[in-house]
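Architecture at a glance
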Amino acid sequence: LNAAGMFGGNITSLGFNVTLVGSGVMPNYDIWMANTTATSFTSTAYLNPAIQTNVYNGVNIAPASLGLNTHVFTTPFAWDGTSNVVINICHV
C-alpha cells in the first residue's frame, strides 16, 4: 500500500470495478477489515472477528451501474501504515 502512495490513517471506502451487472441483490452485505502481519493465508486466524473492524454493515446491495462502485464505510478503518490488510466481505 505504501508503494501505491497510501500511508497510515483512516480508510473510509472501498471500490470495485463492476464489469457485468446482474439482476440479483446481495442481502446483508458486510465488509470487515483487520491489520495483520501475515503475508499469506496459512491459517484461519485472520478470520477472528475480535480482531476485525466491521466497516460496512448489513446493507442490501445490487450494483446498479458498470464501472467503479464505491462502498463508503459507516465506520472508518484505522490502518497503522505498516501492516498488511485483510478484507473480509460476506453476504447471506
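Computed from a predicted model, the values in this text were never measured in an experiment. (Residues numbered from 1 in each chain as written. Predicted model: local features only at pLDDT ≥ 70, side-chain atom pairs only at ≥ 80, totals over all residues. Heavy atoms only, no water.)

1. Quick notes on a nonpolar patch on the surface
Judged by side-chain polarity, Phe16, Ile87 and Ile89 come together as a nonpolar surface patch covering roughly 220 Å² of accessible area. Along the chain, Phe16 turns up in strand 1 (residues 9–18). Residue classification places Phe16 among the partly exposed positions, given a relative accessible area of 31%. (Patch = residues over 30% accessible without salt bridge, like charges linked within 9 Å, V, L, I, M, F, W, Y side chains within 5 Å. Areas by Shrake-Rupley, 256 points an atom, 1.4 Å probe, with all protein chains shown as cover. Salt bridge = Lys/Arg side-chain N within 4 Å of Asp/Glu carboxyl O. Helix = DSSP H or I, 4+ residues; strand = E, 2+ residues; numbered from the N terminus. Buried < 20%, exposed > 50% of the residue type's maximum accessible area, 1.4 Å probe, protein only.)

2. Looking at the nonpolar core
Judged by nonpolar contacts, Ile11, Leu14, Tyr29, Ile31, Met33, Val55, Tyr56, Ile61, Phe73, Phe77 and Trp79 together constitute the single largest core of 11 residues. Within the residue set of this core, elements represented by two or more residues are strand 1, strand 2 (26–36), strand 3 (53–61) and strand 4 (67–79). Those residues within four positions of Ile61 in sequence are excluded, and the remaining contacts are Gly24, Val25, Met26, Tyr29, Tyr56 and His71. (Core = buried A, V, L, I, M, F, W, Y, C linked by side-chain atoms within 4.5 Å. Contact = heavy atoms within 4.5 Å.)

3. What to know about the sheet that holds strand 3
Taken in spatial order, the 3 strands of this open sheet run 3-2-5, and their pairing is antiparallel. Single-partner strands in this sheet number two, and they are strand 3 and strand 5 (84–90). Pairs of neighbouring strands in the sheet enclose a mean axial angle of 15°, with direction left out of account. Two strands pair when backbone bridges link them, and strand 2 and strand 3 are joined in this way by 5 bridges, in the antiparallel orientation. By the bridge assignment for strand 3, Ile31 is matched with Tyr56. (Pairing = 2+ DSSP bridges. Axes fitted to C-alpha atoms, helices over the stretch in contact; angles between N-to-C directions.)

4. A look at unusual backbone geometry
Look at Asn28: it is not a glycine, yet its phi comes out positive at around 50°. Assignment of secondary structure puts Asn28 in strand 2. Its relative accessible area of 37% is what places Asn28 among the partly exposed residues.

5. Thoughts on the packing of aromatic side chains
This structure, assessed with the given rule, holds 1 aromatic pair. Judged by centre distance (6.1 Å) and plane angle (85°), the ring pair of Tyr29 and Tyr56 falls under edge-to-face. Highlighted residues: Tyr29 in strand 2 and Tyr56 in strand 3, separated in sequence by 27 residues. Here the two residues Tyr29 and Tyr56 agree in accessibility, since each one is buried. (Phe/Tyr/Trp six-rings, centres within 6.5 Å; stacked < 30°, edge-to-face > 60°.)

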